[in-house]
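# Structural description and commentary
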Amino acid sequence: MQQRFCSCGCAVWVQYLFHRTNLQIIFRSKSDRIDDYLTRCPCCGKKLDVNELGY
């Protein structure tokens, strides 16, 4: 997993899952629980896009 940052400064974790020829990107909060998968930034509510997150 990689730690990335939303434009508002909030940290999110990015996990890449490879299944044969498919790539799935999962966004998570600090914990590693399945119910902590994110689609939006927990701070500002912006939709998460791996290409827009900073390092």
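Here the structure is shown first, and the text comes after it.
These remarks concern the structure in this document. (Residues numbered from 1 in each chain as written. Predicted model: local features only at pLDDT ≥ 70, side-chain atom pairs only at ≥ 80, totals over all residues. Heavy atoms only, no water.)

### Let's talk about the nonpolar core
- Within the largest apolar cluster, ten residues are counted, these being Cys6, Cys10, Val12, Val14, Phe27, Leu38, Cys41, Leu48, Val50 and Leu53.
- Residue contacts for Cys10: discarding those within four places in its chain leaves Arg4, Phe5, Cys41, Pro42 and Cys43. (Core = buried A, V, L, I, M, F, W, Y, C linked by side-chain atoms within 4.5 Å. Buried < 20%, exposed > 50% of the residue type's maximum accessible area, 1.4 Å probe, protein only. Contact = heavy atoms within 4.5 Å.)

### Side note on the sheet that holds strand 1 (residues 2-5)
- One open sheet accounts for four strands, arranged 1-2-3-4; its pairing is antiparallel. The open sheet has two edge strands, strand 1 and strand 4 (37-38), and neither has a second partner. (Pairing = 2+ DSSP bridges. Helix = DSSP H or I, 4+ residues; strand = E, 2+ residues; numbered from the N terminus.)

### Re the side chain of Arg4
- Tracing the backbone through its elements, the reader meets Arg4 in strand 1.
- Buried charge without a partner: Arg4 forms no salt bridge, and the closest opposite charge is Asp49, 8.2 Å away.
- In this structure the side chain of Arg4 is engaged in a polar contact, spanning 2.8 Å, whose partner is the side chain of Gln2.
- A polar contact is formed between the side chain of Arg4 and the side chain of Tyr55, at a distance of 3.1 Å.
- When neighbours within four sequence positions are excluded, Arg4 is seen to be in contact with Cys10, Ala11, Val12, Val14, Tyr16, Val50, Leu53, Gly54 and Tyr55. (Lys, Arg positive; Asp, Glu negative; His and termini not counted. Salt bridge = Lys/Arg side-chain N within 4 Å of Asp/Glu carboxyl O. Polar contact = N/O pair within 3.5 Å; in protein donor to acceptor, adjacent residues only side chain to side chain.)

Without other data, these values stay purely geometric and don't point to any function.
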